[in-house]
Amino acid sequence: MSEVKYSKEHEWIKLEGEVATIGITKHATEMLGDIVFTELPEKGANVEKDGTAGVVESTKAASDVYTPVSGEVVDINQSIVDDPSKINQDPENSAWFFKLKIKDKSEMDSLMNKEDYDKFAKESSS
Amino acid sequence: METKKTSLYKLHQDCNAKFVEFAGYQMPIQYTDGIVEEHKFTRMHSGIFDVSHMGQLFIDGGNDLTEDLEKIFPLDLKNLKINHSKYSFLMNDEAGIYDDLIVTKLDKGYLIILNAACKENDFKILKKLLNGKFEMRLDEKRSLIAIQGPKSVNILNDIIQGVEDLNFMSGNWFMFQDQKVYITRSGYTGEDGFEVSITNELSEKLTKQLIDKGAKLIGLGARDTLRLEAGLCLYGHELDKNKTPVEANLKWAISKDRVSKGNFIGSDIITKQLNDGVSKIRVGIKPEGRIIAREKTKIFNQSDLHIGEITSGTFGPSVNGPVAMGYVENEFSKKDTKIFLEVRGKKYPASICGLPFYKKSYVKGVNK
């Protein structure tokens, strides 16, 4: 069983055992527009909850990507660096950003479930 | 101050535009297709741009007006034919640029297209310089619709016959329905295209007919990526009060004949800079890889000395890579000079390159 949770910075996180897969939400891609550049953390790097862990840029502007939990980067998705448009096409699935071996499962508790996030996203864009 | 809306505002809404405030106007930044698709559609097909926020300044007058305007603009207006246009600048005494603009000679006067953010100030400056001798109006009753891209000539000519006979940077009066429209073959994308000055009542009707024939509305977002690929300057970025046309690498727009005689605002500085060179100059910049260097990005040379700044930078959808323009110290402005761009604290390699990034396709040889 894996549950997907969401952050206020519009990241999604899916925990399977000790490893969390993190990406940005469809709502985030809609706000950003066409993504043309992606920067990911390095494999082996340690990232802290709510710290920056990457950058996405649209034709208009650059935005930081934050990590919703702390951990060690165990994998990155090179395909979205090579072709950032994949993020617009399939943000919540094949266009994941990085995988973390997480430090503290309880950090997941403060994140939103799908229903709460959808409500949050709707409110924050109106 | 309340934001203004153009005559096409409702149509933009109906086409699901995302709006942004620009120069006091609610303008469409993009529609549902998004900037990259809108950009590519313009290059391949035909894009419609609402540029009604720009100033359309009509000044009535004859030879005496031409003489007075030559004291302001570095243009050979006496030899400019009626219905022909020139790119130029409104400058201060130090040759700093108040605005860049297009001057078109009309039958009994001139039409000058001004940047939206500058138009009110330009009007004041010009009114003062012309001493109130001529009838001047910043026409708010007319909209300005640009149609750009390779299919534009056929689409517009189907609706308004005869536009296909215009050459780049020339124009004429045509009829649409029962009203006069002034159309020039010009634009801001590097593509063949037209700008149509039309009454506010008829602008939506014309735009809908263009859409029916296959053209699409394109937002300001793609307008910016298109002009940047074409190496064209944007006021407030490449150009401002502290930069001269020579520094902006736009000396081609200054009449040589006028420079030799002087006697226009800023002519002393222009002459000096043309003779002695300038210390900083606008260049094209091609970052290596995919890194995007945006406005205000610092530029360094290979010895890590700060040599300039980016003025515009984005991802160019048609060149499929990052593109930028900026100012560097003159000695580092040669093509292929290696430079470094500081983005988010890290330095990335780039090189000085020629402009445009994307080849222009202006139509210059039809008829006459």
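Calculation rules
Residues numbered from 1 in each chain as written. Chains lettered and ligands numbered in written order. Predicted model: local features only at pLDDT ≥ 70, side-chain atom pairs only at ≥ 80, totals over all residues. Helix = DSSP H or I, 4+ residues; strand = E, 2+ residues; numbered from the N terminus. Rg over C-alpha atoms; globule rule 2.2 N^0.38 Å. Buried ≥ 20, exposed ≤ 12 C-beta atoms within 10 Å, placed from the backbone. Contact = placed C-beta atoms within 7 Å. Axes fitted to C-alpha atoms, helices over the stretch in contact; angles between N-to-C directions. Parallel < 35°, antiparallel > 145°, perpendicular 65-115°, else oblique. Left-handed = near helix turned anticlockwise from the far one by under 90°. Nonpolar A, V, L, I, M, F, W, Y, C, P; charged D, E, K, R; others polar. Domains from an automatic or database assignment. Pairing = 2+ DSSP bridges. pLDDT = per-residue confidence, 0-100. Core = buried A, V, L, I, M, F, W, Y, C linked by C-beta atoms within 7 Å.

## Remarks on the overall build of chain A
Here comes step 1: When its secondary structure is counted, chain A shows 4 helices and 9 strands.
Here comes step 2: Ordered by position from N to C terminus, the α and β elements of chain A give β-β-β-α-β-β-β-β-β-α-α-β-α.
Here comes step 3: A compact globule built from 126 residues would reach a C-alpha radius of gyration of about 14 Å, and chain A, at 13 Å, matches this within 12%.
Here comes step 4: In terms of overall dimensions, chain A has a C-alpha envelope of 35 × 35 × 25 Å along the principal axes.

## Notes on the overall build of chain B
Here comes step 1: Check the secondary structure of chain B and you find 9 helices and 20 strands.
Here comes step 2: Over its C-alpha atoms chain B spans a radius of gyration of 20 Å, differing by no more than 12% from the 21 Å that the globule rule assigns to 368 residues.
Here comes step 3: Dimensions along the principal axes, computed over C-alpha positions, put chain B at roughly 65 × 50 × 45 Å.
Here comes step 4: When the 368 residues of chain B are sorted by exposure, 44% land in the buried category.
Here comes step 5: For chain B, the share of sequence-separated contacts (at least 6 apart) that also reach a separation of at least 24 residues comes to 66%.

## Focus: the packing of helix α2 (residues 35-44) of chain B against helix α7 (residues 220-229) of chain B
All names here are of chain B.
Here comes step 1: Running from N to C, α2 and α7 cross one another at 60 degrees; their axes reach a closest spacing of 8 Å. In terms of axis orientation, α2 runs oblique to α7. Here the hand of the crossing between α2 and α7 comes out right-handed. Along its contact with α2, which presents Ile 35, Glu 38, His 39 and Thr 42, the element α7 presents Gly 221, Ala 222, Thr 225 and Leu 226.
Here comes step 2: Residues belonging to the contact of α2 with α7 are distributed by class as follows: 3 nonpolar, 4 polar and 1 charged.

## A word on the domain arrangement of chain B
All names here are of chain B.
Here comes step 1: What the domain assignment reports for chain B is domain 1 (6-231) and domain 2 (279-353).
Here comes step 2: Taking only C-alpha atoms, the centre of domain 1 and the centre of domain 2 are 30 Å apart.
Here comes step 3: Each partner contributes residues to the interface: domain 1 has 9 residues there, and domain 2 has 9 residues.
Here comes step 4: Those elements that provide at least two residues to the side of domain 1 that touches domain 2 are α2 and α7.
Here comes step 5: Class assignment for the residues of the side of domain 1 that touches domain 2 results in 2 nonpolar, 3 polar and 4 charged.

## Concerning the sheet that holds strand β3 (residues 25-30) of chain B
Residues and elements named next belong to chain B.
Here comes step 1: Strand order in the open sheet formed by 3 strands is β1-β3-β2, and the pairing between neighbours is mixed. The sheet terminates laterally at β1 (4-5) and β2 (18-22), the two strands that pair on one side only.
Here comes step 2: As paired strands, β2 and β3 are joined by 5 bridges and run antiparallel to one another. In the strand pairing of β3, Phe 19 is matched with Pro 28.
Here comes step 3: Where α7 meets the sheet, its contacts fall on β2 and β3, and the angle it forms with β3 comes to roughly 65 degrees.

## Topic: the interface of chain A and chain B
Here comes step 1: Contact residues are listed per partner, giving 9 residues for chain A and 13 residues for chain B.
Here comes step 2: Elements represented by at least two residues in the side of chain A that touches chain B include exactly β4 (35-39) and β6 (52-58) of chain A.
Here comes step 3: Here the residues of the side of chain A that touches chain B are counted per class, giving 4 nonpolar, 2 polar and 3 charged.

## A closer look at the pairing of strand β7 (residues 97-106) of chain B
Residues and elements named next belong to chain B.
Here comes step 1: Counting buried residues along β7, 8 of its 10 residues qualify, which places the element largely inside the surrounding structure.
Here comes step 2: Relative to β7, strand β6 (residues 85-91) runs antiparallel, the two sharing 7 bridges. Across the sheet, Met 91 pairs through a bridge with Ile 97, a residue of β7.
Here comes step 3: Where β7 and strand β8 (residues 109-114) come together, 5 bridges link them in antiparallel fashion. Within β8, the position partnered with Val 103 by the bridge is Ile 112.
Here comes step 4: Hairpin connection between β7 and β8: a loop of 2 residues separates the two successive antiparallel strands.

## Section: the confidence of the model for chain A
Here comes step 1: Within chain A, residue pLDDT values average 94, and 98% of them lie at 70 or more.
Here comes step 2: Ranking the helices and strands of chain A by mean pLDDT puts strand β8 (residues 71-76) of chain A first, with 98, and helix α4 (residues 114-125) of chain A last, with 92.

## Concerning the nonpolar core
Here comes step 1: Among the nonpolar cores identified, the biggest contains 117 residues, and Phe 97 and Leu 100 of chain A together with Ile 48, Ile 112, Ile 145 and Ile 147 of chain B are the most heavily contacted of them.
Here comes step 2: A domain-level breakdown of this core finds at least three residues from each of domain 1 (6-231) and domain 2 (279-353) of chain B.
Here comes step 3: The contact partners of Ile 147 of chain B, leaving out residues within four places of it in the chain, are Ser 46, Ile 48, Ser 152, Ile 155, Leu 156, Gly 193, Phe 194, Leu 210 and Ala 215 of chain B.

## Comments concerning the environment of Tyr 182 of chain B
Residues and elements named next belong to chain B.
Here comes step 1: Mapped onto the elements, Tyr 182 comes out in strand β12 (residues 179-184).
Here comes step 2: Considered as a pair, Tyr 182 and Gly 171 are 11 residues apart in the sequence and their alpha carbons are 7.0 Å apart.
Here comes step 3: Setting aside anything within four residues of it in sequence, one finds Tyr 182 in contact with Leu 111, Gly 171, Trp 173 and Ser 197.

## Section: the environment of Phe 37 of chain A
Here comes step 1: Assignment of secondary structure puts Phe 37 of chain A in strand β4.
Here comes step 2: Those residues within four positions of Phe 37 of chain A in sequence are excluded, and the remaining contacts are Glu 57 and Pro 84 of chain A together with Arg 290, Ile 291, Ile 292 and Phe 315 of chain B.

## Here's the deal with unusual backbone geometry
Here comes step 1: Along the chain, Leu 355 of chain B connects to Pro 356 of chain B via a cis peptide bond; the corresponding omega equals 0 degrees.
Here comes step 2: Checked against the element boundaries, Pro 356 of chain B lands in the segment after β20 (346-353).
Here comes step 3: One non-glycine residue, His 10 of chain A, lies in positive phi territory at about 70 degrees.

## Let's talk about the sheet that holds strand β10 (residues 142-148) of chain B
Residues and elements named next belong to chain B.
Here comes step 1: As summarised here, the arrangement of the 6 strands in space is β11-β12-β13-β10-β4-β14, forming an open sheet in which the pairing is mixed. Of all strands in the sheet, those with a lone pairing partner are β11 (171-176) and β14 (216-217), marking the two edges.
Here comes step 2: Packing against the sheet, helix α5 (residues 152-159) makes contact with β10 and β13 (193-199), and its axis sits at approximately 135 degrees to β10.

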